[in-house]
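Chain by chain, the residues:
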Amino acid sequence: MSATRVQFISPRTLRLLSPGRSALFLPGCGGPHRGGGVPGFRSLTSPPLSSSSSPGRALSSLSTTRRALPKTKMSDNGTMSRGKVLTIDNMNPTVKKVEYAVRGPIVQRAVELEKELSEGMKKPFAEVIRANIGDAQAMGQQPITFFRQVLALCSYPDLLSDSTFPEDAKSRACRILNSCGGNSMGAYSASQGIGSVRQDVARFIERRDGGVPCNPDNIYLTTGASDGIVTMLKLLVCGEGATRTGVMISIPQYPLYSAALADLSAVQINYYLNEEKCWSLDISELQRALDEARLHCNPRALCIINPGNPTGQVQSRECIEDVIRFAAKERLFLMADEIMFTPNIRHCVPYSQVYQDNVYAEGCQFHSFKKVLFEMGPEYSETVELASFHSTSKCYMGECGFRGGYMEIINMDDDVKDQLTKLFSVRLCSPVPGQALMDLVERTTTLSALAEKAKLTEQVLNTVEGIRCNPVQGAMYSFPCITIPERAIQEAKKLGQQPDMFYCMKMLEETGICLVPGSGFGQREGTYHFRMTILPPKDKLKILLNNVKEFHQRFTQQYS
Amino acid sequence: MSVRQEISSNVRNMKQMEYFILCRRTNQIKEELRQGVRKSYREVIDVSWGDPHRAGVKPLSFVRQVLAACLYPQLMDGDKLMVDVKERAQRLLRTCAGGSVGSYSDIAGIPQIVQSVSEYIVRRDGGAPCHPKNIYITPGSQWALTNILKVLVNSEASPRTGVLIPVPCHSTTIISLTALGAVAVPYYLREERSWALEVEELQRALDSAKGVCNPVALYIINPGNPAGYVQSRKCMQEVIRFAAEKKLFLLADEVYQDCVYGKESEFVSYKRVLAEIGAPLSDTVELASFHTASKGLMGECGLRAGYVELVNLDPAVMKYIHKLFSTNTCPVLGQIALDVMVNPPQPGDPSYPLYLKETQHIRASLAENVRRVEEVINSIPSFSCQSLEGGAFAFPRVFLQPKAIERAKEAGLQPDTFYCMRLLEEAGVLFSPGTEYGQKEGTYHIRFCIMTPTDTMEEILKRLSTFHKQFMKEFS
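Per an unreviewed UniProt entry, the recorded name for chain B is alanine transaminase, and the organism is Gambusia affinis.

An unreviewed UniProt entry lists chain A under the name Alanine aminotransferase 1, from Gambusia affinis. In its Subunit (unreviewed entry) section, UniProt records this for chain A: "Homodimer."

So, on to the overall build of chain B. The helix and strand tally for chain B stands at 18 helices and 14 strands. With the principal axes as the frame, chain B shows a C-alpha extent of 65 × 60 × 60 Å. For chain B, with 476 residues in total, the buried portion stands at 69%. Counting only contacts in chain B whose residues sit at least 6 apart along the sequence, the fraction spanning at least 24 positions is 73%. Surface exposure of chain B reaches about 15700 Å², of which carbon and sulfur atoms provide 50%.

Those places that UniProt annotates as "domain: Aminotransferase class I/classII large" (unreviewed entry) correspond, in this numbering, to residues 81-464 of chain B. Span residues 81-464 of chain B is 43% helix and 15% strand, its end C-alpha atoms 43 Å apart.

We now examine the side chain of N328(B). On the secondary structure map, N328(B) appears in the loop between α13 (315-325) and α14 (332-342). Given the relative accessible area of 9%, N328(B) is considered buried. Polar side-chain contacts of N328(B) include one of 2.6 Å to the side chain of R403(A). Apart from the residues within four sequence positions on either side, N328(B) is in contact with T223(A), S226(A), R403(A), P139(B) and W143(B).

The pairing of strands in a sheet happens through backbone hydrogen bonds and is either parallel or antiparallel. Residues and elements named next belong to chain B. One open sheet holds the seven strands; their spatial order is β2-β8-β7-β6-β5-β3-β4, and the pairing between them is mixed. Of all the strands in the sheet, just β2 (135-138) and β4 (183-188) have a single pairing partner and so form its edges. In this sheet, adjacent strand axes meet at a mean angle of 20° when their direction is disregarded. In the packing of helix α6 (residues 111-124) onto the sheet, contacts are made with β2, β7 (287-292) and β8 (306-311), and the angle to β2 comes to roughly 120°.

As a further point, take the domain arrangement of chain A. The domains assigned to chain A are domain 1 (105-141 + 447-559) and domain 2 (179-442). Here domain 1 of chain A and domain 2 of chain A have C-alpha centroids that lie 28 Å from each other.

Turning next to the packing of helix α7 (residues 226-236) of chain A against helix α8 (residues 255-263) of chain A. When two helices pack together, their arrangement is given by the angle between their axes and by how far apart the axes lie. Residues and elements named next belong to chain A. Two elements in contact, α7 and α8, have axes whose closest approach is 10 Å; the angle formed by their N-to-C orientations is 35°. The handedness of the crossing between α7 and α8 is right-handed. Note on element contacts: α8 touches α7 through L256, Y257, A260 and L261, opposite S226, I229, V230 and L233. Class assignment for the residues of the contact of α7 with α8 results in seven nonpolar, one polar and no charged.

Of the residues lining the interface, 131 residues belong to chain A; the matching set on chain B comes to 138 residues. Summing the contributions of chain A and of chain B, the shared interface buries around 11700 Å²; its carbon and sulfur component is 57%. Run the count over chain A and chain B and you get three salt bridges. The salt bridge involving R130(A) is made with D106(B); its shortest N-O contact spans 3.8 Å. In this structure, the connection of chain A to chain B is made through 28 residue pairs in polar contact (both at pLDDT 80 or more). Among the residues forming the side of chain A that touches chain B, the class breakdown is 55 nonpolar, 44 polar and 32 charged.

All names here are of chain A. At a minimum axis separation of 10 Å, helix α3 (residues 105-118) and helix α18 (residues 499-511) run at an interaxial angle of 10°. Taken together, the axes of α3 and α18 lie roughly parallel to each other. Seen from α3, the contacting residues are P105, I106, R109, A110 and L113; seen from α18, they are M501, C504, M505, L508 and E509. The class makeup of the residues in the contact of α3 with α18 is eight nonpolar, no polar and two charged.

Spatially, β10-β14-β13 (chain B) is the arrangement adopted by the three strands of the open sheet, whose pairing is antiparallel. Every other strand in the sheet has two partners, leaving β10 (393-394) and β13 (432-433) of chain B as the edge strands with one partner each.

Attention now goes to the pairing of strand β5 (residues 298-305) of chain A. Residues and elements named next belong to chain A. The element β5 is extensively covered by neighbouring structure, given that seven of its eight residues are classed as buried. Pairing of strand β3 (residues 245-251) with β5 involves four bridges; the strand directions are parallel. Within the sheet, the bridge partner assigned to M248 lies in β5 and is L302. Note: β5 against strand β6 (residues 333-337), five bridges, orientation parallel. Considered in β6, the bridge of L302 is made with L334. Once the chain exits β5 it traverses helix α10 (residues 317-329) before rejoining the sheet at β6, and the crossover so formed is right-handed.

With that out of the way, let us pick up the domain arrangement of chain B. All names here are of chain B. What the domain assignment lists for chain B is domain 1 (3-56 + 356-475) and domain 2 (98-342). The centre of domain 1, based on its C-alpha atoms, is set 27 Å off from the matching centre of domain 2. Contact residues are listed per partner, giving 34 residues for domain 1 and 40 residues for domain 2. When residues of domain 1 are sorted by the area they lose upon contact with domain 2, Q386, E389 and Y437 head the list and together hold 23% of the total.

On to the nonpolar core, then. Judged by nonpolar contacts, the single largest core of 290 residues is most densely connected at M232(A) and L251(B). Look past the residues within four positions of L251(B) in its chain and what remains in contact with it is L145(B), I148(B), L149(B), L152(B), V163(B), A217(B), L218(B), Y219(B), I220(B), A288(B) and F290(B). Counting residues in each nonpolar core, the second largest holds 40 residues, with C469(A), A488(A), A492(A) and F530(A) among its members.

So, about the side chain of R148(A). Mapping R148(A) onto the fold places it in helix α4 (residues 145-155). With relative accessibility at 2%, the residue R148(A) sits in the buried group. Setting aside anything within four residues of it in sequence, one finds R148(A) in contact with Q137(A), P143(A), E399(A), F402(A), C70(B), L71(B), Y72(B), S100(B), V101(B) and G102(B).

Residues and elements named next belong to chain B. A residue-level look at chain B finds 99% of positions with pLDDT of 70 or above and a mean pLDDT of 93. Confidence, read as mean pLDDT per element, is least for helix α1 (residues 2-5) in chain B (44) and greatest for strand β6 (residues 249-253) (98). As scored by the predictor, the complex reaches a pTM of 0.85 and an ipTM of 0.89.

As a further point, take the pattern of salt bridges. Under the definition given, this model contains 58 salt bridges over all chains. Of the charged contacts in the structure, one is a salt bridge between E245(B) and K246(B), with a shortest N-O distance of 3.3 Å. Classification of E245(B) as exposed rests on a relative accessible area of 58%. Among the ionic pairs, R407(B) bridges to E474(B), the shortest N-O distance being 4.0 Å. With R407(B) in helix α16 (residues 402-410) and E474(B) in helix α18 (residues 454-474), this pair connects stretches of sequence that are 67 residues apart. Connected through shared salt-bridge partners, R317(A), E321(A), D322(A), R325(A), K371(A) and E375(A) make up one network.

Reading guide: rules and limits
Residues numbered from 1 in each chain as written. Chains lettered and ligands numbered in written order. Predicted model: local features only at pLDDT ≥ 70, side-chain atom pairs only at ≥ 80, totals over all residues. Heavy atoms only, no water. UniProt positions renumbered as here; feature names shortened; annotations may be inferred. Helix = DSSP H or I, 4+ residues; strand = E, 2+ residues; numbered from the N terminus. Buried < 20%, exposed > 50% of the residue type's maximum accessible area, 1.4 Å probe, protein only. Contact = heavy atoms within 4.5 Å. Areas by Shrake-Rupley, 256 points an atom, 1.4 Å probe, with all protein chains shown as cover. Polar contact = N/O pair within 3.5 Å; in protein donor to acceptor, adjacent residues only side chain to side chain. Pairing = 2+ DSSP bridges. Axes fitted to C-alpha atoms, helices over the stretch in contact; angles between N-to-C directions. Domains from an automatic or database assignment. Left-handed = near helix turned anticlockwise from the far one by under 90°. Nonpolar A, V, L, I, M, F, W, Y, C, P; charged D, E, K, R; others polar. Buried area = accessible area lost by both parts, 1.4 Å probe. Salt bridge = Lys/Arg side-chain N within 4 Å of Asp/Glu carboxyl O. Parallel < 35°, antiparallel > 145°, perpendicular 65-115°, else oblique. Right-handed = clockwise from strand over helix to strand, strands pointing away. Core = buried A, V, L, I, M, F, W, Y, C linked by side-chain atoms within 4.5 Å. pLDDT = per-residue confidence, 0-100.

Now the structure itself:
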């Protein structure tokens, strides 16, 4: 690590500026002075900073921007207006690029509609169905009793004397509490996460991967999976101009990636999944995307979402091996988003049964990147750098509200690992109840119902002319391709909307069904999609699918 | 593997806290004790964080009962829980999608809880209006602060964006600023005057930034961390006028607002003072005020829940803040704790007597600890402690001898880190060194959490006194 640029104003500068009060302005104000010397301070003696047109506090928008929400005003009799310190023109430009479709305008409108309904306003539907997000419990899935018993015991340990709680829940709660500071879930944990939970997660991973060893020191417990993904990207992104870091992401992708990359001013490198082949990943497409990107940035990482989100495909073992070889050859850091993986392998069986006549049937077995990596021998297992991500939110656990997750890192340089730990320390720790939940990750349950719902969704949607739906092999979403009539496309353009945004907004207004337009995830130009969760209970899902079908037919008729 | 070591300079520049060295050693010592290694103490007392539960304070029963009932609603069938606990849990569960704390909440938090928070703020601020739309509940107040900073710090600007920060200052904020590529412009609090904030010093700090960076924000911690001051209304008025005149965005870190115990101290929020000043400032000065469920009497750090209230922001900027904040939501259990924090049991409620007893006990312990810390620390030669008015920490100054400083240098440690290391080794008490927070050159401090049970504090003070005597003797 070369000389650091200390971010504090140099104390030396301060002394220069106000010699009379030098006693006050001395080091120790946080700058590291190990080694005695003052490392390269950015001070008055630094090379002159260019650009005199300081965009920083330009008061570009005076009273016109003060059409402030009346609500934000503290009183109404303000006569003088003062330009805002923080305006749209001088705020951090990277933040402006952040888009997060799964919680975008459609969802905001859904919230308004819910409010209007609750106020007794008449609508063509009785309730808003939030099919936009994979929120199992909002859709009526019951939480798993054991998890909740353990967490209730951890919250209120007086219950440990309650005979109605099973012994295994009690002993698990005690184990977790014993490793919490002050035996309380209310204490901060180490920023990497509670030690005993990391050990249990490591053991779970070993079982998942058929005995491939897992070191708890390589596990980081995170606030949902997003905390891990964003932090990892922050660590990877550097350079300027043509050396700026590029990160390869699939299209369609989960918008967290594009949002984080925009925020970090990294270069987003799109590789397209092949919709015709059930959203499979082709190495030739990876190569194309990489070669093109190399002309203008420095590609350093490859993100893979498996099982797919929003696309719901499960990658074959062969494909994963190809991806690993590709990453090794091209020296890319692999980020494997395995959030959609369900720990219970048995549930995959019904999936395979559903698709036994289907060419994709054998692809439905989930393989973790780590397991495949280790089975490829030391040439790969000792060199390819990998981070894989998981969360409590998805699949059988469905505990979104706890914001639990973990990240495992493989083959990371020790110095870099120190930097990673440092980055995590800024957010102090991840929520401890979410960590406790991670401890329970190995408890299994069968989810055959999900396979049934996947099949139902595919069947119903494929009966509709103008909707084409790939089989849902894993995860909890379907991402059908929809045909939108030309007139509707023109109409959307007039409104300045993406055609599928227009479609989804209309669907919401008319049916109360809340979906995410495909444009939020990225799609091949000229194609349109929506993402819909398949989680609602079967009878509700049937009604939902039927409403989608009827809406689509109506919409097509209206605009053709 | 050189490719892999290329890391953004902002990340690399983030200060590696010396405190981590102490943490690592603490874990080793704990392990040694477990394996039966003989030491002069049986256990390590860790008061390096503002973490009341870790320091031995018991969680409030009402909070935990409501959480347990929300987690496992079957508990409400029996007679284990009070009626008001059940009512609260039922009401809160009705606000959760699918009636479960396991579902996602809205971006800004569960609307009913956001509403409760806004009503609480109105009560706290003597009726100054507060709109729920201006409140974001987040996974901890630090997350909110980091992300508001992210909006303020123009990553592409030249010169770089500056933020005025107090010295001493809570270390996480300094690290966040570095990670964002901002310049931290220090303004020094006057230790001899109970860590007073002086406007002339703000002016001096602002002048010092000329030609170096473009200061856009002023960060205030009140009540203080690490130093235990509480700002007066008059001081806050001056700060607000300064911010208005110099066009600075005010960042008010007010997470210790429920921890005020100085006889003449009173917590007043920046929002309230701003409202009282009246127009035009009350309509124009941009302010973000932060609060949390982690501190105060509740001390639920592990749940990670906080909020920010944004005042007078440009609506166009608010739109982007909304987008940015939508990438991470607050855990639902933390939101529930916040709801209880802003709406605790009231007289007449079945849970009130126990709640009152527990909170009075915490307050009384804290008052006693404050008294004892001031008394004992100021009686130790070569220690001086300003009067403690609020917050969760004592931040006394320790006068180290030249020989000790010399020895620290040999060990490659800051003198106060060295002191803390020896204290840890010999007395089994973990403090954090003043160097983490910034201090005037040649001065050394230690920080420790005073929210502990009283007997724990007695033990800490005893161990510290004994250790200090030996330490002074060794280096005299």
